[in-house]
Amino acid sequence: MPLAIVYSRAESGVDAPEVTVEVHLARGLPKFSIVGLPETAVKESRDRVRGAILNSNFEFPRLRIIVSLAPADLPKEGGRFDLPIAIGLLAASRQISGDDIARYVFLGELALSGEVRDIRGALIAALSLRGDAKKLVLPVNSARQAALVNGVEVLGAKSLLQICAALNRHEALPVMTPQPLDPAAAAVAATGIADMSEVVGQPFAKRALEVAAAGAHHVLMTGPPGTGKTMLANRLPGILPAMSEDQALQSAAMESLGQNGFDPANWMRRPFRSPHHSASSAALIGGGGIPRPGEISLAHNGVLFLDELTEFDRKALEALREPLESGEINISRVAQQIRYPANFLLVATCNPCPCGYLGDDSGRCRCTPDQVQRYRTRLSGPLLDRIDIQVEVPRVHYRLLSGAAPRPERAEESSETLRQRVVAARERQLQRQNKTNNLLQGKEIDQTCAIDSTGHRLLEQAMERLGLSARAYHRILKVARTIADLGQQKEISPQHLSLAIKLRCFDRSAR
């Protein structure tokens, strides 16, 4: 009896392994079986495929139908296999020509009417086909996203009938091309909308964010309520360098795996994720019965903003320790292991004590030392050690807010001015070591972050007085290297080291 072979792609983290859909028609009582580790949505394809075939004016085979999804040990999930199964059935029953099927990769969920519905992860599938001669057939909206990937021919389809007409060589499927981005829109996407100059005062906090952006260092801001911590964090993407095309594709691919899919309006815009403090560990790092990327992966190449850090579940925060170091997260399940990228810039905020006013000039704080200590132990030492910059954001006085007092030097600098310095510092780093300073490891730190005898004495005194760990020692050196890069200096001076030490307020307040 007839056999048809159709090619498709599964979803496995940031990979889209090839799946061979084999459709075999045999004599016997009518039965429709799908084998090859299908989960519930794949098993339900039987009813969707049957309805789509009949409503597209084809005949559904009254035979024993066996659909094999190979490799058999790879879990299959979602409705993406509806379209290749339907194409295989029609080809095996000789209702459409099977001559050209091997030249295509089919992905799409079918409506009972025969319409082809969008799928999740179209960009991942397109990236996996780079260098492959096969053409990718997708629903129209998914095809528009996949067309952002150069080197892959993407065809958009609205219905099963339209695809069958193309396979029978009656009518060609349209080739999808990416929509050109308007230069003005590209500038907005690259720099953001909210401007740093809108934040009144806080020159030290702005300087800290500039250093964080230049070296991709994680940052924690602490201070009383209403001092501008959230405003500062929301404006950080505006001073980051524009993404490269590869980075934009990586971020778009991760967004396409999320709950809401990829929005083309976000193309070339750095992700900014701000989960609520009630988020679970799985929501932050990813996971679930069918693993999905978490907030840290959806923030890949962008900013992860955790407001009120001390209110997050401690287990969820401790789960951040590995990705903060490695830039990726590995999720292990019985059937599979999935890796998601998580190279994000963490920006967190918290209050200094339970009431929030410890150290404020108003003197309204009434928290006891024990209450403050218990509050701060919500953030573990190992987690704080991985945050390079920890800066205090004090209350802004009335005279400065009202304009009666002159603003500090450089306090009114725009995001564009800051971004230009950040871009120049990043370029120095890429020319020197082909990576940002936060990624320096081992001997690279010794070679790139060398300091003189005065710097060694200063750092030795700081380590003894503050009880710094070896990790904090290396992070201070990397932050100092970034400060030197912002100043276009080849060598790290004691002034650079002093500022890097000053940017770790939690280490100082612990003494």
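Owing to the predicted nature of the structure, the values given are computational and were not obtained by experimental measurement. Every chain begins its residue count from 1, and numbering advances along the sequence as written. Residues qualify for local features only when their pLDDT is at least 70, as the model is predicted, and side-chain atom pairs are given and counted only at 80 or more; totals for whole chains, interfaces and linings, by contrast, use all residues. Values reported for side chains reflect all heavy atoms of the structure, with hydrogen atoms and water molecules removed beforehand.

A. View of the overall build of the protein. Where helices and strands are cited, they refer to DSSP runs of H or I of at least four residues and of E of at least two residues respectively, numbered from the N terminus. Per the secondary structure count, the protein includes 23 helices and 18 strands. Considering only contacts within the protein whose residues lie at least 6 apart along the sequence, 73% involve residues at least 24 apart. Computed with a 1.4 Å probe, the accessible areas rest on the Shrake-Rupley method; for each residue, only the protein chains presented here act as cover. When the accessible surface of the protein is totalled, it reaches about 22900 Å², and 49% of it is carbon and sulfur. His is not counted, nor are the chain ends, whereas Lys and Arg count as positive and Asp and Glu as negative. Where a charge sits is defined by one atom per residue type, namely NZ (Lys), CZ (Arg), CG (Asp) or CD (Glu). Considering the protein, the positive charge centre built from 62 side chains and the negative charge centre built from 55 side chains are found 2 Å apart. In what follows, a contact means two residues having at least one pair of non-hydrogen atoms within 4.5 Å.

B. How the structure looks around helix H21 (residues 470-486). Its 17 residues place the ends of H21 25 Å apart at the C-alpha level, agreeing with the 24 Å of an ideal helix rising 1.5 Å per residue. For the exposure calls, accessible area comes from a 1.4 Å probe over protein chains only, and a residue counts as buried if that area is under 20% of its type's maximum, exposed if over 50%, partly exposed in between. In terms of burial, H21 is largely enclosed, as 13 of its 17 residues are buried. Gln-488 sits one or two residues past H21 and shows a positive phi near 55°. One less than the number of residues in a helix, times 1.5 Å, gives the span that helix is expected to have.

C. Up close: the side chain of Ser-380. Of note, Ser-380 is situated in the loop between helix H15 (369-376) and helix H16 (381-385). With relative accessibility at 7%, the residue Ser-380 sits in the buried group. When neighbours within four sequence positions are excluded, Ser-380 is seen to be in contact with Arg-314, Glu-318 and Arg-321.

D. Spotlight on the environment of Asp-99. For Asp-99, the position within the fold is in the loop between helix H3 (82-92) and strand E5 (104-106). Using a relative accessible area of 64% as the deciding quantity, one classes Asp-99 as exposed. Separated by 69 residues in the primary sequence, Asp-99 and Asn-168 place their C-alpha atoms 9.0 Å from one another.

E. Summary view of the pattern of salt bridges. In the sections that follow, a salt bridge refers to a side-chain nitrogen of Lys or Arg positioned within 4 Å of a carboxyl oxygen of Asp or Glu. As enumerated under the stated definition, the model contains 31 salt bridges in all. Between Glu-44 and Arg-48 there is a salt bridge, with the nearest N and O atoms lying 3.9 Å from each other. Residue classification places Glu-44 among the partly exposed residues on the basis of a relative accessible area of 42%. The salt bridge involving Glu-198 is made with Arg-235; its shortest N-O contact spans 2.6 Å. Highlighted residues: Glu-198 in the loop between helix H7 (183-191) and helix H8 (203-215) and Arg-235 in helix H9 (residues 229-235), separated in sequence by 37 residues. Within the structure, one salt-bridge network assembled from shared partners comprises Glu-325, Asp-385, Arg-386, Asp-388, Arg-471, Arg-475 and Arg-504.

F. Layout of the pairing of strand E4 (residues 64-70). Covered by surrounding structure in E4 are Ile-65, Val-67 and Leu-69 only, the residues Arg-64, Ile-66, Ser-68 and Ala-70 on the alternate face being uncovered. Judged from the seven bridges that link them, strand E2 (residues 18-26) and E4 form a sheet pairing that is antiparallel. In the sheet register, Val-23 faces E4, and the bridge partner there is Val-67. Two strands are said to pair when DSSP picks up at least two bridges between them. Taken together, the five bridges between strand E3 (residues 31-35) and E4 define a ladder with parallel strand orientation.

G. Highlighting the sheet that holds strand E10 (residues 219-222). Read across the sheet, five strands follow the order E11-E14-E17-E10-E18 without closing on themselves; strand pairing throughout is parallel. Strand pairing shows two members of the sheet lacking a second neighbour, strand E11 (272-273) and strand E18 (389-392), which therefore form its edges. Sheet topology places E11 next to strand E14 (residues 303-306); two bridges connect them, and they run parallel. Counterpart to Phe-272 in the pairing with E14 is Val-303. Axis lines are fitted through C-alpha atoms, for helices just across the contact stretch, and the angle between N-to-C directions can take any value from 0 to 180 degrees. Along the sheet, H8 makes contact with E10, strand E17 (345-350) and E18, crossing E18 at roughly 165°.

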